[in-house]
Amino acid sequence: MDEVILEMRNITKTFPGVKALDNVSFTVKQGEIHALVGENGAGKSTLMNVLSGVYPYGSYTGEIYFQGQECRFQDIHHSEELGLVIIHQELALVPFLSITENMFLGNEQAKNGVINWNEAVSRTKELLNRVGLHESPNTLITNMGVGQQQLVEIAKALAKKVKLLILDEPTASLNESDSEKLLQLLLQFKAHGISSILISHKLSEVKRVADSITILRDGATIETLDCRIDSITENRIIRGMVGRDLKHRFPPRDSKIGETIFEVRDWNVYHPIHEDRKVSNNVNIKVRKGEVVGLAGLMGAGRTELAMSIFGRAYGRRISGTAYRQGKEVDISTIDKAISNGIAYATEDRKAYGLVLIQEIKSNITLANLEAISDGGVINEPKELTVTREYRDKLSIRCSSIRQLAVNLSGGNQQKVVLSKWLFANPDILILDEPTRGIDVGAKYEIYTIINRLASEGKGIIFISSELPEILGICDRIYVMREGNIVGEMPASEASQEKVMEYIMTEEEVVEQ
Amino acid sequence: MKTLTNDATSNSGTMKTLTTLFRNNIREYGMLIALIAVMVFFQFKTGGILFKPVNITNLVLQNSYVITMALGMLLIIVSGWIDLSVGSVVAMVGALASVLMVKLQVPWGVTVALCLLVGAAIGAFQGYWVAYLKIPAFIVTLAGMLVFRGLTFALLQGESIGPFPTGFQKISSGFIPDVFKYPGFHLTTLLIGIIFSVLLIFLDLRARRNQQKYGFEVTPFYFFIIKNIIITAAVMGLCYLMASYKGLPNVLVLLFVLIAGYAFITTQSVVGRRIYAMGGNEKAARLSGVNTPRLLFYTFVNMGVLAALAGLIVTARLNSATPNAGDGMELDVIAACFIGGASASGGIGTVIGAVVGAFMIGVLNNGMSIIGLGIDWQKVVKGVVLLLAVLFDVYNKNKNA
């Protein structure tokens, strides 16, 4: 068990103007699950890119030993040949090809350039079995969920005879049950002697599966914790990551909840393509002034669909139901009308739906409320600058200038730009869809603080999250969704992770009780 | 990974400022320098013909329709689409105008108004397919290219129609009247040049003051002076050349108004901002309350009107409508936008860039014709220039990333 499979010694990697890695050493033992944690920008991804040959030998200093041999990778194929496979956060599958075609892409089962499909399909079946994915090898990637796609990626790694599997944030976009499946798979691999490196922001799962934890901060190794010897708490890891004690994961709040300011009744939504599939079924929800309402559920439970259909019918077909703002029925049939009726929706996918990445921070912040900074259709630039600087300071967006392009910001700061945009639109009701996905502990805390402040200013907030501790930590009341239905509602004071999970997971059990 | 939090970073060293300034604006300056280099090259190669007043006037007249359409095309390209039909629209509008004026004796003023309306209708038709029926613009406008060319042939029945009333011809071949009537020199033109230069300097000064007031880093004052001297010299030089021929062509005045208008729309207006946002990320723009289908629809309507205007200018200049007018013109227009730095994936591009790109093509056409290079090699050269300009863009982008 104590044989070393990988050793990285004194790795230093500089980009123009930034030292991304400073003398980092990192050792993985044979057959262990080694977690690599650290805040965004701590250098985790850079280190893995050095390891897999994305940054070729010579562009960094230091040595890499894999199975006792020094390696000087020139590119990613080189490292894969030795059994070092990295699975990136953004999956690299071709959506309109089948599982089989993706499985052997670049590694086709061919003789003289002619593919042996029978061989390929039967091997795919075998690999899918090993990862516990029961899908036909002919299924197109585009028809599968993110969790299943993740499994295909892992099967693909197995096809390459992986010895060390590197997973970069594998569960970031998975719900609890898919995440659980993935972690089980890692443990299973470990039993078969495959080592893995797990990069994750979710400390609970790190704590659960990792044998060792290495913490990076500001491009340097802080420490390596051995979980088999000491029992490591999440707070212990966080302390290493941020360099100080975070007293609370969630900022304290005392809520002053007023009357109902927004309500939808009998809300029905159908799927835009599969026309007879209902994605929201007779949903009734309400939000009160100063209240943070959680929307819990699995991925695919219909939370995002519900939120987007409320936000000016941005999703779905044949939408029916009524919406009330402060007791009066309102027309929210277009996004424009929804915004002018005080509703804002901050998307779960900030890069694809939230930001115009190639534009300046300033233009992103004002996009949803250009009227407020223009006179007669002409933009008043001084006003725009004043306003956007105000938001930069209020939400502490870290940037060199508000003229910086959004694409160059870190995830947490991008999220703050999205929030600024919606705050500037001055809504009464803010729907926040996975606002903390993929951002680090420190930035999460800041986002929670912002949410608290908004609630105390009297806004109503609908908070969608796949991380239950978060929902329990900041919400006043929780709705649970499953398959387009609201299946549970409870005040946060009566909620627990187990209780919510019970509602989420099994219909039968609830019925039996 | 430290980031700075202040907007204005105080600077050290004049050279350094100049270099960073150049590097940050390498696209604009690079293109302008390339244009000047090409002009100087042809000035020598043609033995001084290029800068002769009559040739400069010609150059403007020849390129007026490319520039006119480049303004609309830029907005289409910034939106993330393309319009291949504009060459055929030019021909069809010309044919329509000739039939109205020559065969039906409609007054030319009414004809102009009708033709612009037809342009708007064509734009609306294509825009509807693209924006609401979600058919890719490449396909819609490729179809439009065939349809409108076919309609041109049908309208003209295969022959050329002309000539036109003088009033109509004056759109392209006329010059602004000279109030001073000084023999051999058009004083009004020079006066307009002076007023225009003063206006430009004033506007630049005001923009600079504003930027300083809001704490943004501004270029050193001496650079500001040099820049304005160069611009003033260029404007006055052009006016002087024009004045020593017949004065400012009507078309040039129209062009100035259009360019200024579109530059204003793209940089200062809410509509412009929304078009750039739509091109940069259509989904994000839509989820921010921008009615993207409607906006795209009107972008095509705008293109249709400008294409019709260009059709009128072409027809007036040639004094006849021919079935093959405007053939291949869409390619010059699109090339102008890309040479001027517009991005094929949308969201990026400037009016000034497109105008410089159009002039680049114009000067190449003009200069190569004067030195007697065959049409075959002219196309090769233009193609290579387009490719190099885009390569320059991509190279810069990668270097900065």
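Trainee: I would appreciate a short explanation of the overall build of chain A in the present structure.
Mentor: In terms of regular secondary structure, chain A is built from 18 helices and 24 strands. Scaling as 2.2 N^0.38, a compact globule of 513 residues should have a C-alpha radius of gyration of about 24 Å, and chain A matches this with 24 Å. Summarising its shape, the C-alpha atoms of chain A cover approximately 70 × 50 × 50 Å along the three principal directions. For chain A, the proportion of its 513 residues judged to be buried stands at 47%.

Trainee: How should the domain arrangement of chain A be read in this particular structure?
Mentor: Frequently, the measure chosen for interface size is the accessible area removed from exposure when the parts meet. All names here are of chain A. By domain assignment, chain A separates into domain 1 (4-242), domain 2 (248-342 + 429-439 + 461-513) and domain 3 (350-426). Placing a centre on the C-alpha atoms of domain 2 and another on those of domain 3 gives a separation of 26 Å. Domain 2 puts five residues into the contact, and the matching count from domain 3 is six residues. Here the side of domain 2 that touches domain 3 is composed, by residue class, of four nonpolar, one polar and no charged.

Trainee: How do you make sense of the interface of chain B and chain A when you look at a structure like this?
Mentor: Across the contact, 26 residues belong to chain B and 31 residues belong to chain A. Going through the elements one at a time, helix H11 (270-280) and helix H12 (282-287) of chain B are the ones with two or more residues in the side of chain B that touches chain A. The element that contributes the greatest number of residues to the side of chain B that touches chain A is H11 of chain B, accounting for six residues. Tallied by class, residues from the side of chain B that touches chain A come to eleven nonpolar, eleven polar and four charged.

Trainee: Before we go on, may I ask you to explain the environment of Ile319 of chain A in this structure?
Mentor: Residues and elements named next belong to chain A. Counting through the fold element by element, Ile319 comes out in strand S16 (residues 317-325). Considering only alpha carbons, one finds Ile319 and Lys278, 41 residues apart in sequence, at a separation of 9.9 Å. Setting aside anything within four residues of it in sequence, one finds Ile319 in contact with Asn268, Val269, Ser309 and Arg313.

Trainee: Teacher, can you tell me more about helix H13 (residues 381-394) of chain A here?
Mentor: Residues spaced three or four apart along an α-helix point in a common direction, a consequence of the helix completing one turn every 3.6 residues. All names here are of chain A. Given a rise of 1.5 Å per residue, 14 residues ought to cover 20 Å, and the 20 Å separating the end C-alpha atoms of H13 matches this to within 8%. In this structure, the buried side of H13 is in contact with helix H12 (361-366), strand S20 (378-379) and helix H14 (411-424). In the stretch just after H13, Ser396 is the one whose phi turns positive, near 35°.

Trainee: What is the right way to look at the packing of helix H3 (residues 53-78) of chain B against helix H10 (residues 250-268) of chain B in this model?
Mentor: Describing two packed helices takes the angle between their axes plus the distance from one axis to the other. Residues and elements named next belong to chain B. Viewed as axis vectors pointing N to C, H3 and H10 meet at an angle of 25°, and their least axial separation amounts to 10 Å. Regarding the angle of H3 to H10, the classification is roughly parallel. Here the hand of the crossing between H3 and H10 comes out left-handed. Across from Val60, Leu61, Ser64, Ile67, Thr68 and Leu71 in H3, the residues of H10 making contact are Val251, Leu252, Leu255, Leu258, Ile259 and Tyr262. Here the contact of H3 with H10 is composed, by residue class, of ten nonpolar, two polar and no charged.

Calculation notes
- Residues numbered from 1 in each chain as written.
- Chains lettered and ligands numbered in written order.
- Predicted model: local features only at pLDDT ≥ 70, side-chain atom pairs only at ≥ 80, totals over all residues.
- Helix = DSSP H or I, 4+ residues; strand = E, 2+ residues; numbered from the N terminus.
- Rg over C-alpha atoms; globule rule 2.2 N^0.38 Å.
- Buried ≥ 20, exposed ≤ 12 C-beta atoms within 10 Å, placed from the backbone.
- Domains from an automatic or database assignment.
- Contact = placed C-beta atoms within 7 Å.
- Nonpolar A, V, L, I, M, F, W, Y, C, P; charged D, E, K, R; others polar.
- Expected span 1.5 Å × (residues − 1).
- Axes fitted to C-alpha atoms, helices over the stretch in contact; angles between N-to-C directions.
- Parallel < 35°, antiparallel > 145°, perpendicular 65-115°, else oblique.
- Left-handed = near helix turned anticlockwise from the far one by under 90°.

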